[in-house]
Amino acid sequence: MLTAKKVKVQHKAILLTINSLYRSDMSPEELYEVTRGIWKVGERNRNKVDYAFSVYQGIVLEVYRVKQWYPAGTLK
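One structure accompanies this document, and this report is about it. This is a predicted model, so every value here is computed, not measured. (Residues numbered from 1 in each chain as written. Predicted model: local features only at pLDDT ≥ 70, side-chain atom pairs only at ≥ 80, totals over all residues. Heavy atoms only, no water.)

## A closer look at the side chain of Arg 36
Part 1: One can find Arg 36 in helix α1 (residues 28-37).
Part 2: Here Arg 36 falls in the buried class, since its relative accessible area comes to 12%.
Part 3: In terms of polar contacts, Arg 36 uses its side chain to reach the side chain of Glu 33, at 2.8 Å. (Helix = DSSP H or I, 4+ residues; strand = E, 2+ residues; numbered from the N terminus. Buried < 20%, exposed > 50% of the residue type's maximum accessible area, 1.4 Å probe, protein only. Polar contact = N/O pair within 3.5 Å; in protein donor to acceptor, adjacent residues only side chain to side chain.)

## Considerations on the pairing of strand β2 (residues 51-56)
Part 1: In terms of strand pairing, strand β1 (residues 13-17) meets β2 through 5 bridges, oriented parallel. Looking at β2, one finds that Leu 15 is bridged to Phe 53.
Part 2: Turn length for the β2-strand β3 (residues 59-65) hairpin, with the two strands adjacent in sequence and antiparallel, is 2 residues, and the turn residue Gln 57 shows positive phi of about 50°. (Pairing = 2+ DSSP bridges.)

## Looking at the pattern of salt bridges
Part 1: Tallying each qualifying case throughout the model produces 3 salt bridges.
Part 2: Notably, a salt bridge pairs Asp 25 with Arg 23, separated by 2.9 Å at the nearest N-O pair.
Part 3: Residue classification places Asp 25 among the exposed residues on the basis of a relative accessible area of 56%.
Part 4: Close ionic contact of Arg 36 with Glu 33 constitutes a salt bridge, the shortest N to O distance being 2.8 Å. (Salt bridge = Lys/Arg side-chain N within 4 Å of Asp/Glu carboxyl O.)

## As for the sheet that holds β3
Part 1: With mixed pairing, 3 strands are arranged side by side in an open sheet as β1-β2-β3. Because the sheet does not close on itself, it has two edges, and the strands there are β1 and β3. Taken pair by pair, the neighbouring strands of this sheet meet at an average axis angle of 25°, ignoring direction.
Part 2: As defined by bridge partners, β2 adjoins β3 across 6 bridges and the pair is classed as antiparallel. In the strand pairing of β3, Val 55 is matched with Val 60.
Part 3: Strands in contact with α1 are β1, β2 and β3; relative to β3, the strand with the most contacts, it is inclined by about 85°. (Axes fitted to C-alpha atoms, helices over the stretch in contact; angles between N-to-C directions. Contact = heavy atoms within 4.5 Å.)

Here is the structure:
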């Protein structure tokens, strides 16, 4: 965390904080599921973002390009 660089978000994005669910040994698929499964985004807002950021303690762990929203628990 001490070597983390600041990011400047220049795209339409939603930052999803996963502090209580994150584990350092998560697979990429688990991180994806945790990130998309913890947030309820209304239809009006979900169509306004291009990217979803998975954030743990202020650090961006992963950036996902949003193509479509799926219900939590359905790995796509």
